[in-house]
Amino acid sequence: FFAKLNREGSVLYDPSREENRLNQFTLLGDLREALQENHLVVYYQPKINVATGQVNAAEALVRWQHPNRGWISPGLFIPFAEKTGKLRGITEWVLHEVLRQQVAWQQTGLRLLISVNVGVSDVEDVQFVDFVEAQLLKAGDAANLCLEITETGVMHKPDVMLQNLARLRCLGVRLSIDDFGTGYSSFAYLAKMPVNELKIDQVFVMSMNSTFESVSIVRSMIEIGHILGLKVVAEGVETIAIWQALAVMGCDEVQGYLIAEPMSSAALVAWLDKASHLPAELTPPSMSNF
Ligand code: C2E
Ligand code: MG
Ligand code: MG
Ligand code: MG
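The shown structure was predicted, so the numbers you read here are calculated from the model rather than taken from an experiment. (Residues numbered from 1 in each chain as written. Chains lettered and ligands numbered in written order. Predicted model: local features only at pLDDT ≥ 70, side-chain atom pairs only at ≥ 80, totals over all residues. Heavy atoms only, no water.)

A.B. asks: Which residues make up the overall build of the protein chain, and what values do they have?
C.D. replies: A count of helical and extended segments in the protein chain gives 12 helices and nine strands. Taken across its 290 residues, the protein chain has 48% of its residues classed as buried. The long-range fraction of contacts in the protein chain, counting pairs at least 24 apart against all pairs at least 6 apart in sequence, stands at 67%. On the protein chain, roughly 13,700 Å² of surface is accessible, and the fraction owed to carbon and sulfur atoms is 55%. (Helix = DSSP H or I, 4+ residues; strand = E, 2+ residues; numbered from the N terminus. Buried < 20%, exposed > 50% of the residue type's maximum accessible area, 1.4 Å probe, protein only. Contact = heavy atoms within 4.5 Å. Areas by Shrake-Rupley, 256 points an atom, 1.4 Å probe, with all protein chains shown as cover.)

Put into structure tokens, the structure is as follows:
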């Protein structure tokens, strides 16, 4: 169940196993404890600007350090929390932690735009919007916060969603459509959405080196995003060849193992200190090599 660690420090999970379903009963109690005892940790994965090579944004990705089961992947416990109506506690905890971290960073002169993933059940609820507003009033800069909502989520209750998203935009929070291409938004609806960014799902990005169709699909998604005036981000970029193809297509930002894996806030600060954030293959040889 809580099997081998994968390279991001999360576990590989097979939801089809009977054993897993049984374990979910205890998981619910454990989740409550995790929130009370601070067993959750926020990791950050940098987003790099393709044109400039600069990094001034990152995505917050939650991790669960279970006292006896080790690291549990959000791919496991987020859908579970969402199904059992327990996502809000996690979302609020992550948001609070990110705003706290940003204040701490700003005291050292570091300003980073951080994206926080939110669930449909969060954005559909006007009380969640109130919560975001209250947190920002207490401590936080709305201009440094982005909320990522999956494309499927965005289409769930379009009217309420549009209203709440508009309110979040009025607060100055940036909005992003996550996992774009895997949902079913109509272009008419997409054009009405008060969002700033579109994140191409990693399924399309990863298959760019194996099928011509994926390359064309990604190119079209970048075009659609730009036509709608949105910033386009590609996630799951693992190879130089894909980076280069995305750069030619005018993709704005890239996120993926090629640049960096999600890491602790301390590791991120150390990583940001590096002279170049581009992969070695793309960095021109320095003069000292001659
Ligand atoms: P997502 O928001 O689409 O995040 C991208 C996922 O892809 C992350 O997995 C990230 O670690 C992984 N990833 C990034 N670059 C690469 C790459 O180059 N190759 C591969 N193979 N994977 C890459 P992670 O951290 O396990 O999170 C999985 C999902 O769990 C997220 O997908 C998001 O939907 C959800 N999630 C994570 N943290 C939170 C959170 O705080 N709140 C909510 N509601 N959902 C979260
Ligand atoms: Mg995301
Ligand atoms: Mg995504
Ligand atoms: Mg995803």
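A.B. asks: Tell me what's going on with the nonpolar core, and back it up with residues and numbers.
C.D. replies: Within the largest apolar cluster, 82 residues are counted, with the highest numbers of intra-cluster contacts made by Tyr44, Val116, Leu147, Ile200, Val237, Leu246 and Val254. With eight residues, the top contributor of residues to this core is helix α3 (residues 87-107). Other than its neighbours up to four places away in sequence, Val254 contacts Pro46, Lys47, Ile48, Val50, Ala234, Val237, Trp243, Leu246 and Ile259. (Core = buried A, V, L, I, M, F, W, Y, C linked by side-chain atoms within 4.5 Å.)

A.B. asks: Explain the confidence of the model for the protein chain to me, and be specific about the residues and the numbers.
C.D. replies: The share of residues in the protein chain with pLDDT of 70 or more is 89%, and the mean pLDDT across the chain is 88. Across residues 1-5, where pLDDT falls below 50, the model places 21 contacts with residues more than four positions away in sequence or in other chains. Here the predicted complex carries an ipTM of 0.97, next to a pTM of 0.91. (pLDDT = per-residue confidence, 0-100.)

A.B. asks: Can you break down the coordination of the magnesium ion (ligand 2) residue by residue, with the values?
C.D. replies: Around the magnesium ion (ligand 2), the donor atoms from the protein are Glu59 (OE), Asn117 (OD1), Glu148 (OE) and Asp178 (OD), and they sit 2.0 to 2.2 Å away. Here the magnesium ion (ligand 2) and the magnesium ion (ligand 3) are spaced 4.1 Å apart, with Asp178 acting as a shared donor. Of the two residues, Glu59 sits in strand β2 (residues 55-66) while Asn117 sits in strand β4 (residues 113-117), which places them 58 residues apart along the sequence. Residue class for Glu59 comes out buried when judged on its relative accessible area of 4%. (Donors = N, O, S within 2.8 Å, 3.2 Å for Na, K, Ca; no water.)

A.B. asks: Let's hear about the coordination of the magnesium ion (ligand 3): which residues, and what values?
C.D. replies: Taken together, Asp178 (OD), Asp179 (OD), Glu235 (OE) and Glu235 (OE) make up the protein donors of the magnesium ion (ligand 3), found 2.1 to 2.6 Å from the metal. The sequence motif formed by the donor residues of the magnesium ion (ligand 3) is D-D-x55-E. Residue classification places Asp178 among the buried positions, given a relative accessible area of 6%.

A.B. asks: Tell me about unusual backbone geometry, and please be specific about residues and values.
C.D. replies: Phi is positive for Asn38, which is not a glycine, with a value near 60 degrees. Checked against the element boundaries, Asn38 lands in the loop between α1 (18-36) and β1 (40-49). For Asn38, a relative accessible area of 51% corresponds to the exposed category. Unlike most non-glycine residues, Asp179 shows phi in positive territory, near 55 degrees.

A.B. asks: Describe in detail the pairing of strand β5 (residues 145-150), supporting the description with residues and values.
C.D. replies: Counting buried residues in β5 gives five out of six residues, a clear majority hidden from the surface. Relative to β5, β4 runs parallel, the two sharing four bridges. Note on β5: the bridge partner recorded for Ile114 is Leu145. As paired elements, β5 and strand β6 (residues 174-180) share five bridges and run parallel to each other. Paired with Cys146 across the strands is Arg174, a residue of β6. (Pairing = 2+ DSSP bridges.)

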